[in-house]
Amino acid sequence: MDEVTGNLSGLKSSEIKSLERLYRRRVAPTEVVSSELAAQLATESATLHRQVGVLIDRRGSIAHVIVGDASKIVLPDVGRMRGGQGRFRGLRLVHTHLRGEALTKDDLTDLALLRLDAVAAITVDAAGHPQKLYVAVLDPTGARELPSEPATAPRTNFAELIAGLEADQARQSKAMVRSGELGKDRALCVHVQIGKKRDADARVAELRELCRTAGVKVLDVIVQRRPEADPKFLVGRGKLDEILVTAMQLGADVVIFDPDLSPGQARAISEATELRVIDRTMLILDIFAQHATSRDGKLQVELAQLRYALPRLIEKNTMMSRLTAGPGGKAGIGGRGPGETKLEINRRRARERVHLLAKRLEDLAGDRRLRRQRRTERDIPILAICGYTNAGKSTLLNALTDGNAVAADKLFATLDPISRRLRFPEEREVIITDTVGFIRDLPAELARAFAATLEEMADADLLIHVVDASDADRDQHIRAVNAILADLGLADKPRILVWNKADQLEDTDADALAREGFVVSALDRATFGPLLLAIERALWSVGHVAPVARSAHN
């Protein structure tokens, strides 16, 4: 027996049986709703003084009957989307409005979030007669409302309309294939500025750059200012609905939040949409995963991803599905347990993987300690290049040592530490190490993924702090790096400040910066003289290592 769903409180069994008779109605494929069904919906709605709705499939059969209150209905779980790029769900919502109103914001939100074929509202007069029919559909630009029609004699050819809309979506998909955009994640970014912070422009620019580095196409960025974060949704339920509708209208398949979401917020937002939902840290970890090349680096990144994702796992989250999937995508041997849900299995397997990775990394850490001990025994000074991501550290390393470290105009192009020899006059040598770039508001899981880099900096005799002098946000970058070094217990480590990208500065600006550090261009070795002299003095003026001169110390 088909069941009526929704708000059934106060309904008599005879009224529920009357509503169940709606399931016997059928609608022709060419109709949004038949005049007979519209009349019955209006009668039932007026009798109950509630909104009544039906979900109709493409064959014209009624799949769900829903009862609401006088102002709204709540839709049931309608299952997963139909497959295929640009496809709609194959269901249309037809429901009553008792106050003569046209389609509401909630109607259009349901249309976009669920990708329904259409949403329609029938106005009902006091006598229970259907009056006007309001219909909205989705086209490539978003929700589109059609002209109102008489509910008793609708004129729209529904089958033809939907076929045309899905054809438009298919043409758009083909255009994306030709442009190389299909297969590339399409994101709506959301930056929430909490409290009195005033760095929204810099944060948004950085978020865009992170997306570019990750290979994500940014469709739009929404910025919201709040005195404090909403504990459940970060942005508040109403704003979240607006964000998700905008994402659907733009054709986004992922929504990226900055700042990071708490586990509870991540679960609540994910449950409100079928779009993928990630935050800034997950985006950075994805970049790390793309750039890790060494065995150590790959294990560090996977461990950081698992630790971050574990408290955020929800039932429909497929992030860890590979941990439990066997042949054909089914749970494999060891992927089943008495009384365990898939979510519990995912969490258990993730915890087991975390333990295994941590053990492997302990062994690799021992190998690194042995290598550093050998370098110490040879009494070769160690320099570590540090700084904000994309400041030009790898380019500087290559220029100083004739090296071939990967240098790219991307964030976190270097993940694994790279060491090279640098020879000074009088046959003196140093080991110079390039390290992963820092970023503001570095979360704990990202700091753990920096383990090899942090060890190199802790063992270094001198830090070379490289700053992109051409970046308008350079002062904030310096503060972020200094704060991270302090958190790591490296605030007192001898340090030289290097202003890079001098070729992009005005002469007056370069002269002012030279009073605080050394101005160089990693693309022009002729600018390295004063810097190399300062390094030599710092390392050999007093024994092996000497404090850095005041003018060069940040």
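From a predicted model like this one, the values you see are computed outputs, not experimental measurements. (Residues numbered from 1 in each chain as written. Predicted model: local features only at pLDDT ≥ 70, side-chain atom pairs only at ≥ 80, totals over all residues. Heavy atoms only, no water.)

*Asks:* Sorry, what's going on with the overall build of the chain here?
*Replies:* On a plain count of helices and strands, the chain comes out with 17 helices and 18 strands. Within the chain, the fraction of its 554 residues that count as buried is 51%. When the accessible surface of the chain is split by element, carbon and sulfur atoms take 50% of a total near 25900 Å². (Helix = DSSP H or I, 4+ residues; strand = E, 2+ residues; numbered from the N terminus. Buried < 20%, exposed > 50% of the residue type's maximum accessible area, 1.4 Å probe, protein only. Areas by Shrake-Rupley, 256 points an atom, 1.4 Å probe, with all protein chains shown as cover.)

*Asks:* Which parts of the structure should I look at to understand the environment of Gln224?
*Replies:* By the secondary structure assignment, Gln224 is in strand E10 (residues 217–226). Each C-alpha atom of the pair Gln224 and Gln193 lies 6.2 Å from the other, and the pair is 31 residues apart in sequence.

*Asks:* So what exactly am I meant to see when it comes to the packing of helix H5 (residues 200–214) against helix H8 (residues 280–291) here?
*Replies:* Helix packing for two helices is described by the angle between their axes and how far apart those axes are. One can describe the packing of H5 onto H8 by two numbers: an axis separation of 9 Å at closest approach and a directional angle of 35°. When you trace H5 past H8, the crossing you get is left-handed. Where H5 abuts H8, its residues Arg203, Glu206, Leu207, Leu210, Cys211, Thr213 and Ala214 lie against Arg280, Leu283, Ile284, Asp286, Ile287, Gln290 and His291. When its residues are assigned to classes, the contact of H5 with H8 shows seven nonpolar, three polar and four charged. (Axes fitted to C-alpha atoms, helices over the stretch in contact; angles between N-to-C directions. Left-handed = near helix turned anticlockwise from the far one by under 90°. Contact = heavy atoms within 4.5 Å. Nonpolar A, V, L, I, M, F, W, Y, C, P; charged D, E, K, R; others polar.)

*Asks:* Please clarify how the pairing of strand E11 (residues 254–258) should be interpreted in this entry.
*Replies:* When a strand is regular, its side chains alternate between the sheet's two faces. Most of E11 is tucked away, with five of its five residues classed as buried. On E11, burial covers both faces: Val254, Ile256 and Asp258 on one face and Val255 and Phe257 on the other are all buried. Of the pairings in the sheet, the one linking E11 to strand E12 (residues 276–279) comprises four bridges and is parallel in character. Paired with Ile256 across the two strands is Ile278, which belongs to E12. (Pairing = 2+ DSSP bridges.)

*Asks:* Where do I start with the pattern of salt bridges in this structure?
*Replies:* Opposite charge on two side chains makes pairing possible when the charged atoms of those side chains draw close. If you walk through the whole model with that rule in mind, you get 19 salt bridges. The residue Asp57 makes a salt bridge to Arg59 at a minimum N-O spacing of 3.1 Å. Since its relative accessible area comes to 12%, Asp57 is described here as buried. The exposed category is assigned to Arg59, whose relative accessible area is 61%. (Salt bridge = Lys/Arg side-chain N within 4 Å of Asp/Glu carboxyl O.)

*Asks:* Any chance you could explain the packing of aromatic side chains here in plain terms?
*Replies:* Aromatic ring pairs are reported here in terms of the distance separating the ring centres and the angle at which the planes meet. For the coordinates displayed, the defined rule picks out zero aromatic pairs. One Lys or Arg, Arg237, reaches over the ring of Phe233 and ends 5.3 Å from the middle of that ring. (Phe/Tyr/Trp six-rings, centres within 6.5 Å; stacked < 30°, edge-to-face > 60°. Lys NZ or Arg CZ within 6 Å of the ring centre and 35° of its normal.)

*Asks:* Help me understand the packing of helix H3 (residues 105–114) against helix H6 (residues 237–250) in this model?
*Replies:* Running from N to C, H3 and H6 point in directions that differ by 50°, and their axes come no closer than 9 Å. As the angle between them shows, H3 and H6 are arranged oblique. Relative to H6, H3 is oriented so that their crossing is left-handed. Judged by residue contacts, Lys105, Thr109, Ala112 and Leu113 of H3 engage Asp241, Glu242, Leu244, Val245 and Met248 from H6. Within the contact of H3 with H6, the residues separate by chemical class into five nonpolar, one polar and three charged. (Parallel < 35°, antiparallel > 145°, perpendicular 65-115°, else oblique.)

*Asks:* Looking at this structure, I do not really get helix H9 (residues 295–309). What am I missing?
*Replies:* Because an α-helix completes one turn every 3.6 residues, residues spaced three or four positions apart along the sequence face the same direction. Its 15 residues give H9 an end-to-end C-alpha distance of 21 Å, which sits within 8% of 21 Å, the value for a rise of 1.5 Å per residue. Extensive coverage of H9 is indicated by the burial of eleven of its 15 residues. Among the residues making up H9, those that are buried are Asp296, Gly297, Leu299, Gln300, Val301, Glu302, Leu303, Ala304, Leu306, Tyr308 and Ala309. (Expected span 1.5 Å × (residues − 1).)

*Asks:* Would you explain the sheet that holds strand E17 (residues 495–500) in this entry?
*Replies:* Strand pairs in the sheet, formed through backbone hydrogen bonds, run parallel or antiparallel to each other. Overall, mixed pairing links the six strands, which are arranged E14-E15-E13-E16-E17-E18 in an open sheet. Of all the strands in the sheet, the pair left with one neighbour each is strand E14 (418–424) and strand E18 (518–519). Summarising the sheet, strand E16 (residues 462–468) and E17 pair through six bridges and their orientation is parallel. Residue pairing for E17: His465 is matched across the bridge by Leu497. Its contacts with the sheet place helix H15 (residues 474–487) against strand E13 (382–387), E16 and E17, and it is angled at close to 155° to E16.

*Asks:* Where do I start with unusual backbone geometry in this structure?
*Replies:* Leaving glycine out, the prevailing phi sign among residues is negative, and the prevailing peptide bond configuration is trans. That bond from Asp258 to Pro259 is cis: its omega, 10°, falls within 30 degrees of zero. Tracing the backbone through its elements, the reader meets Pro259 in the loop between E11 and helix H7 (263–271). Phi angles above zero are rare outside glycine, and Leu234 is one such case at about 70°. Mapping Leu234 onto the fold places it in the loop between E10 and H6. Among the residues examined, Leu234 registers a relative accessible area of 2% and is labelled buried.

*Asks:* Please explain the state of the cysteines as it appears in this structure.
*Replies:* Linking two cysteines covalently via their sulfur atoms produces the bond known as a disulfide. Here the structure, examined in full by the defined rule, presents zero disulfides. As a non-bridged cysteine, Cys211 has Cys189 as the owner of its nearest cysteine sulfur, 3.7 Å distant. (Disulfide = S-S within 2.5 Å.)

*Asks:* Is there a simple way to explain the side chain of Ser18 in this structure?
*Replies:* Here Ser18 shows up in helix H1 (residues 13–20). Judged by its relative accessible area of 14%, Ser18 is buried. Once you skip the residues sitting within four places of it in the chain, Ser18 turns out to touch Gln40 and Glu44.

*Asks:* I would appreciate a short explanation of the sheet that holds strand E9 (residues 186–194) in the present structure.
*Replies:* Sheet architecture is open: four strands sit in the order E10-E9-E11-E12, paired in parallel fashion. Strands with a single pairing partner mark the edges of an open sheet, and in this sheet they are E10 and E12. The sheet shows a mean angle of 20° between the axes of neighbouring strands, taken without regard to direction. Across five bridges, E9 lies against E11 in parallel orientation. In the sheet register, Ala187 faces E11, and the bridge partner there is Val254.

*Asks:* For this particular structure, what's the right way to read the nonpolar core?
*Replies:* Side chains of nonpolar character tend, in soluble globular proteins, to be buried together. Leu19, Leu37, Val54, Val94 and Phe257 are the most contacted members of the largest nonpolar core, which totals 72 residues. Contact partners of Leu19, with chain neighbours within four places excluded, come to Val4, Leu11, Glu44, Leu48, Val52, Val65 and Val67. (Core = buried A, V, L, I, M, F, W, Y, C linked by side-chain atoms within 4.5 Å.)

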